[in-house]
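These are the residues of each chain, in order.
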Amino acid sequence: MTLEEKKQQVIEDFSLYEEWLDKYEYLIELGKALEPFPEEKRTEDRLIKGCQSRVWLDASLQEGRLYFQADSDAIITKGIISLLIGVYSGRTPEEIAADDFGFIAEIGLKENLSPTRANGLVSMIERIKEIARNAR
Amino acid sequence: MSLSDVRQLFPALGIRVYGKPLVYLDNAATAQRPQAVLQRQQELASLENANIHRAVHALAVQATDAYEQTRDAVCSFLHASAREEIVFTSGATAAINLVAYSFGEAFVHEGDEILVTVTEHHSNIVPWQLLCSRKKAVLKVLDIAENGALQVESLQKLISQRTKITCISHISNVLGLVNPVQDLIRICHEKGVPVLLDGAQGVVHAPVDVQALDCDFYAFSGHKLFAATGTGVLFGKRKWLEAMPPFMGGGEMIETVRLTGTTFAPLPEKFEAGTQNFNAVPTLVPALAFADACRQDPEIVREQEAIVQYMLDALQRHPRIRLFGVPRRTEEKIPLFSFAVEGAHHEDLALILDKMGVAVRSGQMCAEPLMDRLGVTGLLRASFAPYNTLEEAESFMKCLDKAITMLV
């Protein structure tokens, strides 16, 4: 699946839920399904600032593609980061660095989250972009 | 006044969020404003706008009168002995910063000690840390016991010959416990140490008589007490205020200015530099009147007590909830409840509650040292005002249960 196709799929999945509580249920499921984060990677330098909850993000470059692993102590945040890395994991650094992350706004995630959470979301996106830029 | 009449006075209480009626339980952050305050705000901006204390024209005189009458109203609300002891600031934070700077300049020297408690809001810690680093003074901290109550018995040992001031919240913004300020002040005074009370929550939930308390300073914010934002108050005993240098220079705080030197205005103008918030300060008059009326209204008082009792029972009975700030006696607790839910993050809970129309606070509540002390990264806080109902408390608990079920 291309990056565009994957984004389209996420937008469609999300649009199935009309009520915000149902969208949260969906994010909670995504969060719970996220693969466990290695304990030794729970370090200060992998911690993303700007979130009310704590978020850890790790990336590894394999054969020219970036693979992300993440965790959070809050489950909705974990769902959001799971959604993000589901879209961007396995892409090339060039692809990620060039992306505008506009689909987040399209699914209404940004404006429907509290400002502190929106800040957290912005911080997560910034970190993913930064990792991609540095890996080019 | 019946409670439903009181609620009618607050346009904000009729708001719907996400199609659901708003249950506003973030009153410790800021209170909603009654019609009388909103109307006063409108009048001040549209019909009474003139700079105070300066011009001789009619509008300026009217604005100055409104501002100075507010000082009288605050003076009687706090039972201060003289209007000169009431200084307007932008809020409790600014009031505490004023004391930390000016009292510090006059009385704090290298090696001296400042005493705070571990429960303080950042606004009653950081200004003192800044003072300590400026003067090479030392910050000492009074701890809490397991239930969250201050360790009053440790206070005596913490005070030394070098202690210059003790700074304590009247009521903690996290624990919601009324501190035994009378005892704390007596102990400090026996050792000759003045006391500043951070009244940001205290003034909302307890009658304040600064003469009976005998506190040296009392600070509060108007916006938590139904007034407009930017309306803070510092009460200071005259003997201290007179001995303290000005905090900021400029505006009406002077007596004469020569390029060779300046003499300062008498109290309280000495501490009111620059353009004052004359469009907002007079909203304190209807705000204080409303606060007073609530305290004297048996129905509201009964409802508030019922909320405290209900919430204490419901939260303590809940198998997953750990309440911080459990009172020994119910009277020590204001309707402010901070707690952790086992297996559910405070932020997730707040986000879900929000979508149910319930506004609460999550996080560290500007009290990181207390969070560290309690061993948590943050808490969920529901804080009630006199316009909140027992029905809202019950609805909050139902929504909370539903949110917990979604998360665990």
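This is a predicted model, so every value here is computed, not measured.

Description of the overall build of chain A
Reasoning step 1: When helices and strands are tallied, chain A shows six helices and three strands.
Reasoning step 2: Starting at the N terminus and walking to the C terminus, you meet the elements of chain A as α-α-β-β-β-α-α-α-α.
Reasoning step 3: In summary, chain A has a C-alpha radius of gyration of 14 Å against a globular reference of 14 Å for 136 residues, a match within 12%.
Reasoning step 4: Judged by the C-alpha coordinates and their principal axes, chain A covers about 40 × 30 × 25 Å.
Reasoning step 5: Considering chain A as a whole, with its 136 residues, one finds that 32% of them fall into the buried category.

A look at the overall build of chain B
Reasoning step 1: Per the secondary structure count, chain B includes 15 helices and 17 strands.
Reasoning step 2: A compact globule built from 408 residues should have a C-alpha radius of gyration of about 22 Å, and chain B, at 22 Å, falls within 12% of that.
Reasoning step 3: Considered along the principal axes of its C-alpha atoms, chain B spans approximately 70 × 55 × 35 Å.
Reasoning step 4: Residues counted as buried form 49% of the 408 residues belonging to chain B.

Looking at the packing of helix α2 (residues 35-47) of chain B against helix α11 (residues 284-296) of chain B
Residues and elements named next belong to chain B.
Reasoning step 1: Following both chains from N to C, one finds α2 and α11 inclined at 175°, their axes separated by 8 Å at the closest point. Classified by the interaxial angle, the pair formed by α2 and α11 is roughly antiparallel. For the pair α2 and α11, contact is made by A36, V37 and R40 and by P286, A287 and F290, respectively.
Reasoning step 2: Residues of the contact of α2 with α11, tallied by class, amount to five nonpolar, no polar and one charged.

So, unusual backbone geometry
Reasoning step 1: Residue P268 of chain B is reached from L267 of chain B by a cis peptide bond, and omega for that bond is -5°.
Reasoning step 2: Looking at the element boundaries, P268 of chain B is found in the loop between β12 (261-264) and α11.
Reasoning step 3: The backbone phi angle of F101 of chain A is positive, close to 60°, even though this residue is not glycine.
Reasoning step 4: Assignment of secondary structure puts F101 of chain A in the loop between α4 (93-98) and α5 (103-106).
Reasoning step 5: Positive phi outside glycine occurs at Y18 of chain B, with the angle close to 50°.

Looking at the domain arrangement of chain B
It is common to give the size of an interface as the accessible area lost on bringing the parts into contact.
All names here are of chain B.
Reasoning step 1: Here chain B is partitioned into domain 1 (3-30 + 297-407) and domain 2 (39-290).
Reasoning step 2: Counting residues per element, the ones that place at least two in the side of domain 1 that touches domain 2 are β14 (336-341) and α14 (368-374).
Reasoning step 3: Partitioning the side of domain 1 that touches domain 2 into residue classes produces 13 nonpolar, three polar and three charged.

Here we look at the environment of A385 of chain B
Residue and element names in this part refer to chain B.
Reasoning step 1: As for its position among the elements, A385 is in the loop between β17 (379-383) and α15 (390-407).
Reasoning step 2: Since 24 C-beta atoms lie within 10 Å of it, A385 is described here as buried.
Reasoning step 3: In sequence terms A385 and L225 are 160 residues apart; their C-alpha atoms lie 9.3 Å from each other.
Reasoning step 4: Filtering out sequence-adjacent residues up to four positions away, A385 remains in contact with N27 and A31.

Structural notes on the interface of chain A and chain B
Reasoning step 1: Every contact between the two is made by 13 residues of chain A and, on the other side, 14 residues of chain B.
Reasoning step 2: Only α2 (20-33) and α3 (75-88) of chain A provide two or more residues apiece to the side of chain A that touches chain B.
Reasoning step 3: For the side of chain A that touches chain B, the element with the most residues is α2 of chain A, which contributes five residues.
Reasoning step 4: A per-class count over the side of chain A that touches chain B returns seven nonpolar, three polar and three charged.

Digging into the pairing of strand β4 (residues 86-89) of chain B
Residues and elements named next belong to chain B.
Reasoning step 1: Across the two faces of β4 the burial is the same, with I86 and F88 and V87 and T89 all buried.
Reasoning step 2: Bridge analysis of β4 against strand β10 (residues 232-236) gives four bridges, and the strand direction is antiparallel. Pairing of V87 across the sheet is with L234, part of β10.

Here we look at the sheet that holds β17 of chain B
Through backbone hydrogen bonds, the strands of a sheet pair up, either in parallel or in antiparallel fashion.
Residue and element names in this part refer to chain B.
Reasoning step 1: If you trace the four strands from one edge of the open sheet to the other, you get β13-β14-β17-β16, paired in antiparallel fashion. Two strands bound the open sheet, and with one partner strand each, they are β13 (321-324) and β16 (361-363). The average angle at which neighbouring strand axes cross in this sheet is 30°, direction not considered.
Reasoning step 2: Sheet topology note: the β14/β17 ladder contains four bridges and is antiparallel. Bridge pairing links F337 to A382 in β17.
Reasoning step 3: In the packing of helix α13 (residues 346-355) onto the sheet, the strands contacted are β14, β16 and β17, and the crossing angle to β16 comes to about 155°.

Observations regarding the packing of helix α3 (residues 58-77) of chain B against α11 of chain B
Residue and element names in this part refer to chain B.
Reasoning step 1: Here α3 crosses α11 at 25°, and the two axes come no closer than 9 Å. If you check the angle between α3 and α11, you find them roughly parallel. Note that α3 runs across α11; the crossing there is left-handed. Along its contact with α3, which presents Q69, T70, A73, V74 and F77, the element α11 presents L284, V285 and L288.

Remarks on the sheet that holds strand β3 (residues 65-72) of chain A
All names here are of chain A.
Reasoning step 1: Reading across from one edge, β1-β2-β3 is the order of the three strands in this open sheet, with antiparallel pairing throughout. Among the strands making up the open sheet, the edge pair consists of β1 (47-48) and β3.
Reasoning step 2: Of the strand pairs in this sheet, β1 and strand β2 (residues 55-62) are connected by two bridges, and their pairing is antiparallel. Among the inter-strand pairings, L47 is bridged to a residue of β2, identified as W56.

Comments concerning the pairing of strand β9 (residues 217-221) of chain B
Residue and element names in this part refer to chain B.
Reasoning step 1: Of all five residues making up β9, five are buried, and the element is well covered by its neighbours.
Reasoning step 2: Note that strand β8 (residues 195-198) and β9 share three bridges and pair parallel. Bridging from a neighbouring strand, D198 pairs with A219 of β9.

Notes on helix α4 (residues 92-107) of chain B
Reasoning step 1: In this model α4 of chain B runs 21 Å from its N-terminal to its C-terminal C-alpha over 16 residues, within 8% of the 22 Å that 1.5 Å per residue would give.
Reasoning step 2: Buried within α4 of chain B we find A92, T93, A95, I96, N97, L98, V99, A100, S102, F103 and G104 of chain B.

Observations concerning α3 of chain B
Residues and elements named next belong to chain B.
Reasoning step 1: Taking 1.5 Å per residue, 20 residues should reach 28 Å; α3 reaches 28 Å between its end C-alpha atoms and fits that length.
Reasoning step 2: Within the span of α3, buried status applies to A63, A66, Y67, T70, R71, V74 and F77. All buried residues of α3 fall inside an arc of 140° around its axis, so they share one side. Looking at α3, the residues exposed on the side facing more than 90 degrees away from the buried face are A58 and D72.
Reasoning step 3: As for α3, its buried residues are in contact with β4, β10 and α11.
Reasoning step 4: Once α3 ends, the next one or two residues include H79, with phi positive near 55°.

Criteria and thresholds
- Residues numbered from 1 in each chain as written.
- Chains lettered and ligands numbered in written order.
- Predicted model: local features only at pLDDT ≥ 70, side-chain atom pairs only at ≥ 80, totals over all residues.
- Helix = DSSP H or I, 4+ residues; strand = E, 2+ residues; numbered from the N terminus.
- Rg over C-alpha atoms; globule rule 2.2 N^0.38 Å.
- Buried ≥ 20, exposed ≤ 12 C-beta atoms within 10 Å, placed from the backbone.
- Axes fitted to C-alpha atoms, helices over the stretch in contact; angles between N-to-C directions.
- Parallel < 35°, antiparallel > 145°, perpendicular 65-115°, else oblique.
- Contact = placed C-beta atoms within 7 Å.
- Nonpolar A, V, L, I, M, F, W, Y, C, P; charged D, E, K, R; others polar.
- Domains from an automatic or database assignment.
- Pairing = 2+ DSSP bridges.
- Left-handed = near helix turned anticlockwise from the far one by under 90°.
- Expected span 1.5 Å × (residues − 1).
- Arc of directions from axis to C-beta.

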